[in-house]
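Chains, contacts and geometry: an overview
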Amino acid sequence: MRIRSITCFVHPRWPVSELVFQKAGLFARMAKQSFENAGYAVQTVRMATPPFAEFITEQDYAQASTHIDVIAHSEGFEYVSLGPALTGVPQSYAAIPELLSRSGNLFFGGHLTTPNAEVSLSAVRACAQVIHQAATLEANGFANLRFAALANVPPWAPFFPAAYHQGKSPAFALALEAADLAVSAFTEAQSLQDARQKLVDRIEAHARDLQTIAQRLADAYGVEFKGLDFTLAPFPQPDKSIGVALELLGLPALGLAGSLAASAFLTETLDQAVFKRSGFNGLMLPLLEDATLAARGAQGVLGVNDLLLYSAVCGTGLDTIPLPGETSVEQLSALLLDLAALALRLDKPLTARLMPIPGKAAGDDTNFNFEYFANSKVLALPAEPLTGLLSGDENIAIQHRVD
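Remember, predicted model here, so these are calculated numbers, not experimental data. (Residues numbered from 1 in each chain as written. Predicted model: local features only at pLDDT ≥ 70, side-chain atom pairs only at ≥ 80, totals over all residues. Heavy atoms only, no water.)

1. Observations concerning the overall build of the chain
Heads up, the rule is: Counting from the N terminus, the helices are DSSP H or I runs at least four residues long and the strands are E runs at least two residues long. In this treatment the radius of gyration is a C-alpha quantity, and the globule benchmark scales as 2.2 Å times the residue count to the 0.38 power. Burial here depends on accessible area, computed with a 1.4 Å probe over protein chains only, as a share of the maximum for the residue type. Under 20% is buried, over 50% is exposed, and the range in between is partly exposed. Using a 1.4 Å probe, accessible areas were evaluated by the Shrake-Rupley method; residue-level cover was limited to the displayed protein chains. Just so you know, the count uses Lys and Arg for positive and Asp and Glu for negative, and it drops His and the chain ends. Where a charge lies is defined by one atom per residue type, namely NZ (Lys), CZ (Arg), CG (Asp) and CD (Glu).
The helix and strand tally for the chain stands at 12 helices and 11 strands. For 403 residues, the compact-globule estimate of 2.2 N^0.38 gives 22 Å, and the C-alpha radius of gyration of the chain, at 20 Å, lies within 12% of that figure. Principal axes of the C-alpha set define a box for the chain whose edges measure 55 × 55 × 45 Å. Relative to its 403 residues, the chain shows a buried fraction of 58%. Surface accessibility of the chain: about 15400 Å² in total, with carbon and sulfur atoms responsible for 51%. Distance between charge centroids for the chain: 5 Å, based on 27 positive and 40 negative side chains.

Laid out in structure tokens, this is it:
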């Protein structure tokens, strides 16, 4: 297991406060050193700000994003999330493609849902438009790696692109790459109950160590520790594959019948572990970041609707999904609407990081040259444009189910 990201939540002000960045950089360097001294590899150190439209005026979006990117990088932050576009600031969505084109280090999101637990149909289309435009900014539609549509996602989730801050007081949380804990636990298990207990024991043991270090840092530097996100993020190797872990439970292939039950089992196991939580803390199924998921997608066993179905019982939603380059804004909107409705009805955070690839059709091979991706095939998107009442601009209130 390693730390995918030490995510520092910082309000940079505008015009920026260099002192704020210097303090954040000092804290981040000491945090990285402290966790590495304890034996935890740290992949990245990242910064997340409040939603950019909350503290930057529209005419300053471009200048501010560039300035923040440069100063953050000088303080050792490899990536910066400037937070999500806001449903109350419609123009903030339209600004994102141009901002993405300015730097490969900037991440953004876009809210699909309002603070009043409503799906915003106009925000759904605005996020779809961002995805559609961003697909042409870089080869293989790669810019969409840095944008996610967010449904019911609160602040302080440490995984990018979902991460954003709230308020001005600094904070931090840890995003953990921990799929290997599930692989090892399930490999050794003699029963489902044994598999569950072994995984809970591994998570809690690491959590105790991580929390001790984190709280010591929080007390020393006056930076609030928000918690851990044990969303079992994978890496494209068999021993770090969440697909391998799920198939070790007895699935012939992830995507076949039984996969929903296996996903529910794993997520409910995560729920039983006791630790300080921030973010998703569920099952992450990023197709292109996991060699087994990528293989099942290429075989036609695992599709978009399957992944959306598993989102009902697991964690983060639809992540790194390769789609045909000709996917329309209207098709993307229909899929995002389903995701947003699911998030509100189940009262859980879900995201969509969709990657239309220009020039590719469903069934074509992907050809990413990126160490954190496993290549697959482009997935078909069974969607058509919405019409009638669902094609309007209303906000749809969807309350979570009450027993």
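2. Some words on the pairing of strand β2 (residues 42-48)
Within a regular beta strand, the side chains point alternately toward one face of the sheet and then the other, so they alternate between its two faces. In plain terms, the rule: Strand pairing is defined by DSSP finding a minimum of two bridges between the two strands. If you view a crossover with the strands going away from you and the path from the first strand over the helix to the second runs clockwise, you call it right-handed.
For β2, a buried count of seven out of seven residues is recorded, marking the element as mostly surrounded by other parts of the structure. With six bridges joining them, strand β1 (residues 2-9) and β2 adopt parallel strand pairing. Paired with Cys 8 across the strands is Met 47, a residue of β2. You can see the chain leave β1, run along helix α1 (residues 18-37) and come back into β2, and the turn it takes is right-handed. Judged from the three bridges that link them, β2 and strand β3 (residues 79-85) form a sheet pairing that is parallel. Note that in β3 the partner of Arg 46 across the bridge is Tyr 79.

3. Concerning unusual backbone geometry
With omega at 0 degrees, the peptide bond leading from Trp 14 into Pro 15 counts as cis. Residues Phe 160 and Pro 161 are joined by a peptide bond in cis, for which omega reads 0 degrees. Its location among the elements puts Pro 161 in the loop between β6 (147-151) and β7 (171-177). Backbone geometry places Ala 117, a non-glycine residue, at a positive phi of 60 degrees. On the basis of relative accessibility, which here comes to 25%, the residue Ala 117 falls in the partly exposed class. Within the chain, Leu 232 stands out as a residue other than glycine whose phi angle is a positive 45 degrees. Structurally, Leu 232 can be placed in the loop between β8 (224-229) and α8 (242-248).

4. Describing the packing of aromatic side chains
Worth spelling out the cut-off: Any pair of Phe, Tyr and Trp rings, taking the six-membered ring for Trp, is counted once the centres come within 6.5 Å. Such a pair is stacked with planes under 30 degrees apart, edge-to-face with planes over 60 apart, and tilted for the rest.
Going through the model one piece at a time under the given rule, you end up with 16 aromatic pairs. Judged by centre distance (5.0 Å) and plane angle (80 degrees), the ring pair of Phe 142 and Phe 370 falls under edge-to-face. Here Phe 370 lies in the loop between β10 (350-357) and β11 (395-397) and Phe 142 lies in the loop between α5 (121-134) and β6, a separation of 228 residues in the sequence. When the centroid spacing of 5.2 Å and the interplanar angle of 40 degrees are considered together, the rings of Phe 172 and Phe 225 count as tilted.

5. Topic: the sheet that holds β10
Convention followed: Here an axis means a line fitted to C-alpha atoms, over the contact stretch when the element is a helix, while the angle between two N-to-C directions is reported on a 0 to 180 degree scale. For this analysis, residues touch if any pair of their heavy atoms sits within 4.5 Å.
Taking strand neighbours across the sheet as the criterion, the nine strands line up as β8-β7-β1-β2-β3-β4-β6-β10-β9 in an open arrangement whose pairing is mixed. Of all the strands in the sheet, just β8 and β9 (317-324) have a single pairing partner and so form its edges. The mean inter-strand angle of the sheet, taken between neighbouring strand axes irrespective of direction, is 25 degrees. Contacts from helix α3 (residues 61-74) reach β2, β3 and β4 (106-111), with the element oriented near 150 degrees to β3. Sitting on the sheet, helix α12 (residues 329-345) is in contact with β6, β9 and β10, with an inclination near 165 degrees to β10.

By themselves, these observations are geometric and do not establish any function.
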